[in-house]
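Observations on chain architecture
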Amino acid sequence: MKYQKIIATCFCGDAAAKLKLAEGLAESYGKDLEQNDSIKDGLAKARILVSTLDAQMADMDMGRICSGCAARVDGGCCSTYMGNENNDALLLLMNHLAGVEVSLVCDNGVECSFLGKKGCILLLKPIFCLNYLCKQIRARASAEEIILLEQKSGALLTAQYQLEQLLIGFLQR
Ligand code: SF4
Ligand code: SF4
């Protein structure tokens with residue numbers, strides 16, 4: 001695939017279109033991608049960084065804060081817009097390669113298509129989702145905790161970006 005085509009297709013459309021494209025790429029190239037050492041290493045590194053970030057979020061009690069917020073009628077921040085605009089087919093392909101059963105689990109037209117009953121189903125999340133720090137979280141966290149959170153989400157985002165570049169390089173062959 002040409003670089004322009006990858007960018008023009010993987011980053012366009014709604015969540016359903018991006019998922020369909022990711023599934024097509026997985027069907028065509030999944031086995032080769034799973035055997036690619038650089039991609040395997042990148043996925044392994046990303047998994048470790050997801051765990052490190054999860055641990056930091058648990059230390060900050062974010063699960064409880066977000067559950068309480070999301071349970072309110074006007075609460076939560078995983079909107080349809082997020083699912084459509086901030087995801088892309090390469091990220092969904094990455095999740096597939098990481099073993100996530102990626103599907104559209106929410107179709108209420110209000111919340112993100114990837115928001116399951118127990119939260120986001122994606123292991124590797126879009127940039128905006130990883131960077132988002134709402135007022136409620138900021139108000140409850142110390143400056144040191146925010147720095148740690150940003151360092152850990154930044155490390156994961158870097159790993160995801162590197163994986164994305166590996167996938168683009170692979171698809172260009
Ligand atoms: S990140 Fe903030 S707005 Fe989003 S669910 Fe958690 S507390 Fe609510
Ligand atoms: S965190 Fe997951 S469920 Fe929430 S908006 Fe992002 S992709 Fe969707």
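Residues numbered from 1 in each chain as written. Chains lettered and ligands numbered in written order. Predicted model: local features only at pLDDT ≥ 70, side-chain atom pairs only at ≥ 80, totals over all residues.

A short note on the site of ligand 1
- Taken together, Ile65, Cys66, Cys69, Ala70, Gly75, Gly76, Cys77, Cys134, Gln136 and Ile137 make up the full set of residues near ligand 1.
- Elements supplying a minimum of two residues to the shell around ligand 1: α4 (62–71) and α8 (135–140).
- Top contributing element to the shell around ligand 1 by residue count: α4, with four residues.
- Classifying every residue of the shell around ligand 1 gives seven nonpolar, three polar and no charged. (Near = placed C-beta within 6 Å. Helix = DSSP H or I, 4+ residues; strand = E, 2+ residues; numbered from the N terminus. Nonpolar A, V, L, I, M, F, W, Y, C, P; charged D, E, K, R; others polar.)

Re the site of ligand 2
- The immediate surroundings of ligand 2 are formed by Cys78, Met82, Gly83, Cys112, Phe114, Leu115, Cys120, Leu122, Lys125, Pro126 and Cys129.
- Residues of the shell around ligand 2, tallied by class, amount to nine nonpolar, one polar and one charged.

What to know about the nonpolar core
- Ala22, Ala46, Ala89, Leu90, Leu92, Leu93 and Met94 are the most contacted members of the largest nonpolar core, which has 31 residues in total.
- When residues of this core are traced back to their parent elements, those giving at least two are α2 (15–35), α3 (37–59), α6 (89–97) and α9 (143–171).
- Considering each element in turn, this core owes the most residues, seven residues, to α6.
- For Ala22, the contacting residues outside a window of four places in its chain are Ala89, Leu92, Leu93, His96 and Val102. (Core = buried A, V, L, I, M, F, W, Y, C linked by C-beta atoms within 7 Å. Buried ≥ 20, exposed ≤ 12 C-beta atoms within 10 Å, placed from the backbone. Contact = placed C-beta atoms within 7 Å.)

Section: α2
- For α2, the principal kink sits at Tyr29 and spans about 70°.
- Considered for burial, the residues of α2 that qualify are Ala15, Lys18, Leu19, Leu21, Ala22, Leu25 and Leu33.
- Buried residues belonging to α2 abut α1 (3–10), α3, α5 (80–86), α6 and α9. (Bend = angle between axes of the 7 residues up to and from the residue.)

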